[in-house]
Amino acid sequence: MSLAAALTGLRIDYVDGVTEVDKKCLPPGGKEVNLDSGGLGNWRAHMNIARLLIEQNVTSALVLEDDADWDIRIKHQMRDFAKASRLLLQPLSGTSDRFLDPTYPQPKEDQRPQDFDIRKNVTGEPSTSPYGDIDRWDLFWLGHCGTRFPRANDRNVPLGRAVIHDDETVPEPQHIAMQFGDAELVQTYPAHTRVVSRAWMNTCTVGYGISLPGARRLLYELGVNKMTGSTDMMFRSVCHGSERRPVHTCLTVQPQLFQHHRPVGDKSSFSDISDHGADYNEQAFTRNVRWSTRVNFRKLVDGLTDYIDMFKDGEKADPNLGFK
């Protein structure tokens, strides 16, 4: 993580992982959920991060799990994400309650999703965060194992989509695969398109941006109010407004900007939570990330720029780069 961050111009701080959790300290429902030690440690570590942000009054932060990987061009990607998120969060210029998305705050049964182009559409400028004013968002679910676009019959969240066209960091459709979710992105949009929308049915907490108001809400919901499942499923319930929680403002992106890196070695070492089998992974890769920082370590430390593209245009998808 230190090497990847240094080579892509990021500064990171570490929060210790957790290996032991006293079950007497779990919020209501913890006993019934019955998470294993890995799941409990994951939950506690994420709660510790939320608590840290609250204690230090940090306005917003990016949280990454320790096996996260990203494209060498992550800063350019985040600038585009900021343009997209503003279209979904900020009111129209000169107003405080009118938005681009006609389905805001909740869609009607006959409404359909509408696309907004980051090159053409504009809203009012935010003043407290480049991604949208801090009081307008809770969570940006930037790293996940899959998601899908919200639908009108989901009823809870707006349907608008902010579209990033001609993004050379996005693999062609034959290379894009979500472990969970669906294939609407590749079936609906042209090649090299990235889309930002409300988070719906996200799985895995590989990486996320969180605001200070979001950290307070998350710590209350998951650390004080009740435990209803694994960490990512509780994040999902916070975003959906399910499990008798209120709806929170969460955005996500397809394809994701952060994903699990799979190094060469025993697959059993990939996770402390889920079983990835006993096979040996022969080739390092990161799904949906073209110029993987970790795959390109050798190039980066030697100052080379002929980066390895794991998902070259026009090539057949490699069936050996499986999710496990």
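Residues numbered from 1 in each chain as written. Predicted model: local features only at pLDDT ≥ 70, side-chain atom pairs only at ≥ 80, totals over all residues. Heavy atoms only, no water.

Draft legend 1. Fine view of the nonpolar core. Counting residues in each nonpolar core, the largest one holds 28 residues, and the members touching the most others are F81, F140, L142, V196, L257 and F258. When residues of this core are traced back to their parent elements, those giving at least two are β2 (68–70), α4 (74–89), β4 (139–143), β6 (161–164) and β10 (250–254). With seven residues, the single largest contributor to this core is α4. Apart from residues lying up to four places away in sequence, F81 is in contact with Y131, F140, L142, I164, V196, V253 and L257. With 24 residues, the next largest nonpolar core counts L26, I210, V238 and C239 among its residues. (Core = buried A, V, L, I, M, F, W, Y, C linked by side-chain atoms within 4.5 Å. Buried < 20%, exposed > 50% of the residue type's maximum accessible area, 1.4 Å probe, protein only. Helix = DSSP H or I, 4+ residues; strand = E, 2+ residues; numbered from the N terminus. Contact = heavy atoms within 4.5 Å.)

Draft legend 2. Examining the state of the cysteines more closely. Tallied over the full model, the rule gives two disulfides. Paired through a disulfide, C145 and C204 show a sulfur-sulfur distance of 2.0 Å. Handedness here is read from the sign of the S-S torsion; for C145 and C204, about -100°, the answer is left-handed. Taken together, the positions of C145 in the loop between β4 and β5 (146–147) and C204 in the loop between β8 (194–198) and β9 (207–211) put the pair 59 residues apart, joining distant regions of the chain. When sorted by exposure, C145 lands in the same class as C204, which is buried. Two residues share a disulfide in this structure: C239 and C250, whose sulfurs sit 2.2 Å from each other. Residues C239 and C250 are joined by a disulfide whose S-S torsion is about -90°; by sign, that bridge is left-handed. Taken together, the positions of C239 in helix α7 (residues 231–240) and C250 in strand β10 put the pair 11 residues apart, joining distant regions of the chain. Each of the two residues, C239 as well as C250, counts as buried. (Disulfide = S-S within 2.5 Å.)

Draft legend 3. Expanded view of helix α6 (residues 212–225). Between its terminal C-alpha atoms α6 stretches 18 Å, which fits the 20 Å expected from 14 residues at 1.5 Å a residue. Considered for burial, the residues of α6 that qualify are L212, P213, G214, A215, L218, L219, E221 and L222. Those residues of α6 that are buried are in contact with α3 (37–56), β9 and α7. For α6, the side-chain oxygen to backbone nitrogen distance between the N-cap and G214 is 3.0 Å, and the N-cap itself is S211. (Expected span 1.5 Å × (residues − 1). Polar contact = N/O pair within 3.5 Å; in protein donor to acceptor, adjacent residues only side chain to side chain.)

Draft legend 4. Focus on the packing of α3 against α6. One can describe the packing of α3 onto α6 by two numbers: an axis separation of 9 Å at closest approach and a directional angle of 140°. Judged by the angle between their axes, α3 and α6 are oblique. Viewed along their axes, α3 and α6 form a crossing whose handedness is left-handed. Taken together, the residues of α6 that come into contact with α3 (itself represented by W43, M47, A50, R51, L53 and I54) are L212, A215, R216, L218, L219, L222 and G223. When its residues are assigned to classes, the contact of α3 with α6 shows 10 nonpolar, one polar and two charged. (Axes fitted to C-alpha atoms, helices over the stretch in contact; angles between N-to-C directions. Parallel < 35°, antiparallel > 145°, perpendicular 65-115°, else oblique. Left-handed = near helix turned anticlockwise from the far one by under 90°. Nonpolar A, V, L, I, M, F, W, Y, C, P; charged D, E, K, R; others polar.)

Draft legend 5. Summary view of unusual backbone geometry. For the peptide bond that leads from Y104 to P105, omega is 0°, which places it in the cis range. When you line up the elements, P105 lands in the loop between α4 and β3 (115–117). Backbone geometry places M201, a non-glycine residue, at a positive phi of 65°. Despite not being glycine, R244 shows a phi value in the positive range, around 60°. Along the chain, R244 turns up in the loop between α7 and β10. When its relative accessible area of 81% is taken as the criterion, R244 is described as exposed.

Draft legend 6. Representation of the packing of aromatic side chains within the structure. For the coordinates displayed, the defined rule picks out 10 aromatic pairs. Following the ring pairs from residue to residue traces out a cluster consisting of F81, Y131, W137 and F140. The ring of W291 carries R73 above its face, with NZ or CZ at 3.6 Å from the centroid. Above the plane of the ring of F149 lies R161, whose end atom (NZ or CZ) is 3.9 Å from the centre. (Phe/Tyr/Trp six-rings, centres within 6.5 Å; stacked < 30°, edge-to-face > 60°. Lys NZ or Arg CZ within 6 Å of the ring centre and 35° of its normal.)

Draft legend 7. Broad picture of the pattern of salt bridges. Overall, the coordinates contain 18 salt bridges when judged by the stated rule. Between D154 and R148 there is a salt bridge whose closest N-O contact spans 3.0 Å. Here D154 matches R148 in class, with each residue buried. Two residues, R245 and E221, come together in a salt bridge whose shortest N-O distance is 2.9 Å. (Salt bridge = Lys/Arg side-chain N within 4 Å of Asp/Glu carboxyl O.)

Draft legend 8. Expanded view of the side chain of R198. With respect to the helices and strands, R198 occurs in strand β8. For the buried residue R198, which engages in no salt bridge, the nearest side chain bearing the opposite charge is D101, 6.2 Å off. Excluding anything up to four places from it in sequence, R198 contacts L88, Y104, P150, V157, P158, T249, C250, L251 and T252. (Lys, Arg positive; Asp, Glu negative; His and termini not counted.)

Draft legend 9. The pairing of β6, seen in detail. Neither face of β6 is open: one carries R161 and V163, the other A162 and I164, and all of them are buried. In this structure, β3 lies alongside β6, joined through three bridges in parallel fashion. Paired with D115 across the strands is R161, a residue of β6. Pairing geometry for β6 and β8, over three bridges, is antiparallel. Its bridge partner being in β8, A162 is matched across the sheet by V196. (Pairing = 2+ DSSP bridges.)

Shape descriptors only; they carry no functional weight alone.
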